Amino acid sequence: MASTSLNFPSPQLQVPSPRSPPMKSTPSHMVRRISATTTQPPPSPTKPPTKLPVRKIPGDYGLPIIGPIKDRLDYFYNQGRDEFFKSRIQKYQSTVFKTNMPPGPFISSDPNVVALLDGKSFPALFDVSKVEKRDLFTGTYMPSTKLTGGYRILSYLDPSEPMHAKLKQLLFSLLKSKRENIIPEFHTSYTKLFDTVESELASKGKASFGDANDQAAFNFLAKALYGVNPGETKLGSDGPNLITIWVFFQLGPILTVGLPKFIEEIFLHTFSIPPFLIKRGYKRLYEFFHESSGSILDEAEKMGISREEACHNLLFATCFNSFGGMKIFFPSVVKWVGQSGVQLHEKLATEIRSAIRSNGGEVTMAAMEHMPLMKSVVYESFRIDPPVPFQYGKAKKNFTVESHDAVFEVKEGDMLFGYQPFATKDPVIFERPDEFLPDRFLGEEGERLLRHVLWSNGPETESPTLGNKQCAGKDFVVMVSRLLVVEIFRRYDSFEVEVGTSASGSSVNLTALKKATF
């Protein structure tokens, strides 16, 4: 979620590279794209592996204060995010280089990073034996703990800290205990969403998916995980708006929202928004979760976690992580599937309905395992539009990082930064990386590529544990994303979309819905 705009343009990682052969026959006036290689099979004993050259990390940070501010202006306004990175790849002829990341002065005390912008170097950020994750969830700055009840929340804890394992286990326990609620409550909430969308489409000629999705997502999470309908509480329908404002207070320093540049620079990027302005709204959210979480708070106490700390963590995990992810990612899925056209829609509808009929008319996890195209579509959506584009880690010791073309020596204390859309659109790993290919992850080759889908702070082929920083709700997020596609094609043969951008990602309007005919 930490980005200026979560609607990712297609990055082209292009720099001259005399060390590597061209990927394809290319006109002499074009430059070859540099990126990371996939992991190759063990080399033949008669053919020793190619030794990559050791290279000093290129780039510089500029003068104190001046350099970071210049980079910030380039990042937000003069170049934009993707061009900011692409231009430096070209300049340094490397996908690993030094730069500054926003916000810089005076919110961040040290904006200096080593950028890892390819699919081979990026996974170094997952190795907690080499990098520390303490207070790095939002990057080179940490929002005030006054926004989270005075606590450092799980997302900001390093696995080496004692509370990390306890709090992550609490989330595992919550998800496990509520797993039977997920499918039926999702169906209920998103049936209501599509009823609302159909009514708006009939009266206005188009309907916003994002607005309806926000309310449906929060209602689903509250009912599935806590057994409470927000509309029947003092919170009412205010949850999504309160969450959006609260998240903005935390991510404002790394966002741009379309205000005049000088206003954003002063009030978003140079000085933090005072937390007291959202105190009343946050209190309403906290009271909702405190009143709705009795059994899980009882379990937290047995684990040695105070009810207060547990409640702030449950609020954060549900509202920032889960709701925030659904708010950003679900419109992205609808965008990509909608733009792919009727032929894909017919295949998905046929596959999904056939699997449901074969399962006695019920949607279950087992039934969804028999929907390979649907699963591939969801993985491809995670690849092309990862909902969390940034990762950070601080080097615990000296070690080396490999890109496709060179080896770089990282020093203890260096802040490493990865921009995931470049890693998951790496042209050496993925063919036609800037295109949405619905069947990309089908078959054995598709299964092999899953290790390069990295949205969850780890490879898709690995699982979250108490000792790593992979998203505790990884499997939950994949499941509800699959359920979204299933619900769409249970109900409709096809649909059409109108796509724009917003501060939180893709802005999607539904312009046509063809109800199921078979």
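Reading guide: rules and limits
- Residues numbered from 1 in each chain as written.
- Predicted model: local features only at pLDDT ≥ 70, side-chain atom pairs only at ≥ 80, totals over all residues.
- Heavy atoms only, no water.
- Helix = DSSP H or I, 4+ residues; strand = E, 2+ residues; numbered from the N terminus.
- Buried < 20%, exposed > 50% of the residue type's maximum accessible area, 1.4 Å probe, protein only.
- Patch = residues over 30% accessible without salt bridge, like charges linked within 9 Å, V, L, I, M, F, W, Y side chains within 5 Å.
- Areas by Shrake-Rupley, 256 points an atom, 1.4 Å probe, with all protein chains shown as cover.
- Salt bridge = Lys/Arg side-chain N within 4 Å of Asp/Glu carboxyl O.
- Core = buried A, V, L, I, M, F, W, Y, C linked by side-chain atoms within 4.5 Å.
- Expected span 1.5 Å × (residues − 1).
- Contact = heavy atoms within 4.5 Å.
- Pairing = 2+ DSSP bridges.
- Phe/Tyr/Trp six-rings, centres within 6.5 Å; stacked < 30°, edge-to-face > 60°.
- Lys NZ or Arg CZ within 6 Å of the ring centre and 35° of its normal.
- pLDDT = per-residue confidence, 0-100.
- UniProt positions renumbered as here; feature names shortened; annotations may be inferred.
- Disulfide = S-S within 2.5 Å.
- 1 Å grid on protein atoms, 1.4 Å probe; cavity = no way out; pocket = protein on both sides within 12 Å on 5 of 7 lines; lining within 4 Å.
- Points joined across faces, edges and corners; volume = space filled by probe spheres on them.
- Nonpolar A, V, L, I, M, F, W, Y, C, P; charged D, E, K, R; others polar.

Caption draft 1: Layout of unusual backbone geometry. Here Pro102 and Pro103 are connected by a cis peptide whose omega angle stands at 10°. Omega for the peptide link from Pro105 to Phe106 comes to 5°, which places this bond in the cis form. In this structure, Phe106 sits in the loop between β2 (96-100) and β3 (112-116). Notably, Ile65 is not glycine yet its phi reads approximately 70°, a positive angle. Positionally, Ile65 belongs in the loop between β1 (54-55) and α1 (66-78). The phi dihedral of Asp135 is positive, around 60°, even though this residue is not glycine. Structurally, Asp135 is set in the loop between β4 (131-132) and α3 (162-177). In this structure Asp135 comes out as partly exposed when scored by relative accessible area, which is 24%.

Caption draft 2: A nonpolar patch on the surface, seen in detail. On the surface, a nonpolar cluster with roughly 900 Å² of combined accessible area is contributed by Leu63, Ile65, Ile66, Phe106, Phe262, Ile266, Phe267 and Phe271. Ranked by residues supplied to the nonpolar patch, first place goes to helix α7 (residues 261-270) with 3 residues. Looking at the secondary structure, you find Phe271 in the loop between α7 and α8 (279-292).

Caption draft 3: Examining the nonpolar core more closely. In terms of nonpolar packing, the biggest core is built from 110 residues, with Tyr190, Trp246 and Leu348 touching the most fellow members. Sort the elements by how many residues they give to this core and helix α10 (residues 307-340) lands first, with 16 residues.

Caption draft 4: The arrangement of helix α6 (residues 239-251) in detail. The first and last C-alpha atoms of α6 sit 18 Å apart over 13 residues, in line with the 18 Å expected at 1.5 Å per residue. Turning to α6, its buried residues are Gly239, Pro240, Leu242, Ile243, Trp246, Val247, Phe249, Gln250 and Leu251. The elements touched by buried residues of α6 are α5 (209-226), α8 and α10.

Caption draft 5: Region of interest: the pairing of strand β6 (residues 390-395). Buried residues dominate β6, accounting for 5 of its 6 residues. As paired elements, β4 and β6 share 2 bridges and run antiparallel to each other. Paired with Val131 across the two strands is Ala395, which belongs to β6. When β6 meets strand β9 (residues 415-419), the two strands line up antiparallel, connected through 5 bridges. Bridged to Gly393 within β9 is Leu416.

Caption draft 6: Molecular detail of the packing of aromatic side chains. Throughout the structure, instances matching the rule amount to 39 aromatic pairs. Arranged with centres 5.8 Å apart and planes meeting at 85°, the rings of Trp246 and Phe316 form a pair that is edge-to-face. Residue Trp246 is located in helix α6, and its partner Phe316 is located in helix α10; the two are separated by 70 residues in the primary sequence. One aromatic cluster is present, formed by Tyr75, Phe76, Tyr77, Phe84, Phe85, Phe390, Tyr392, Phe417, Tyr419 and Phe422 through successive ring pairs. A cation over an aromatic ring shows up here: Arg88 above the ring of Phe84, its NZ or CZ 3.8 Å from the ring centre. The side chain of Arg353 reaches across the aromatic face of Phe518, ending 4.3 Å from its centre.

Caption draft 7: Examining the confidence of the model for the protein chain more closely. Mean pLDDT over the protein chain: 91, with 90% of residues reaching 70 or higher. Contacts of residues 1-48 to residues separated by more than four positions or lying in other chains number 137 contacts, the stretch itself having pLDDT below 50.

Caption draft 8: Representation of the UniProt feature "binding site: heme" (unreviewed entry) in the protein chain in the model. When the UniProt feature table is mapped onto this chain numbering, "binding site: heme" (unreviewed entry) sits at Cys471. Summarising the element assignment, Cys471 is placed in the loop between α15 (443-449) and α16 (474-491). In contact with Cys471, other than residues within four places in its own chain, are Ser456 and Pro464.

Caption draft 9: The sheet that holds β3, seen in detail. Spatial strand order, β2-β3-β9-β6-β4: 5 strands in an open sheet with mixed pairing. Since the sheet does not close on itself, it has two edges, and those belong to β2 and β4, each with one partner.

Caption draft 10: Quick peek at the state of the cysteines. Within this structure, the stated rule accounts for 0 disulfides. Cys311 takes part in no disulfide bond, and the closest cysteine sulfur to it belongs to Cys319, at a distance of 9.9 Å.

Caption draft 11: Representation of the pairing of strand β8 (residues 407-410) in the model. Across 2 bridges, the pairing between β1 and β8 is parallel. The residue bridging Arg55 from the neighbouring strand is Phe408, located in β8. In the sheet, strand β7 (residues 399-402) pairs with β8 via 4 bridges, with the strands oriented antiparallel. From the neighbouring strand, Thr400 faces β8, where its bridge partner is Glu409. Where β7 hands over to β8, the hairpin turn is made up of 4 residues, counted between the paired strands.

Caption draft 12: Representation of the layout of surface pockets in the model. Of the voids in this model, the second largest pocket is the one considered here, and its volume is about 490 Å³. As for the second largest pocket, its lining consists of 19 residues, and the residues nearest its centre are Met365, Lys474, Asp475, Phe476 and Met479. Broken down by secondary-structure element, the contributors of at least two residues to the lining of the second largest pocket are α3, α4 (179-204), α12 (365-368) and α16. The residue inventory of the lining of the second largest pocket, partitioned by class, reads 11 nonpolar, 1 polar and 7 charged.

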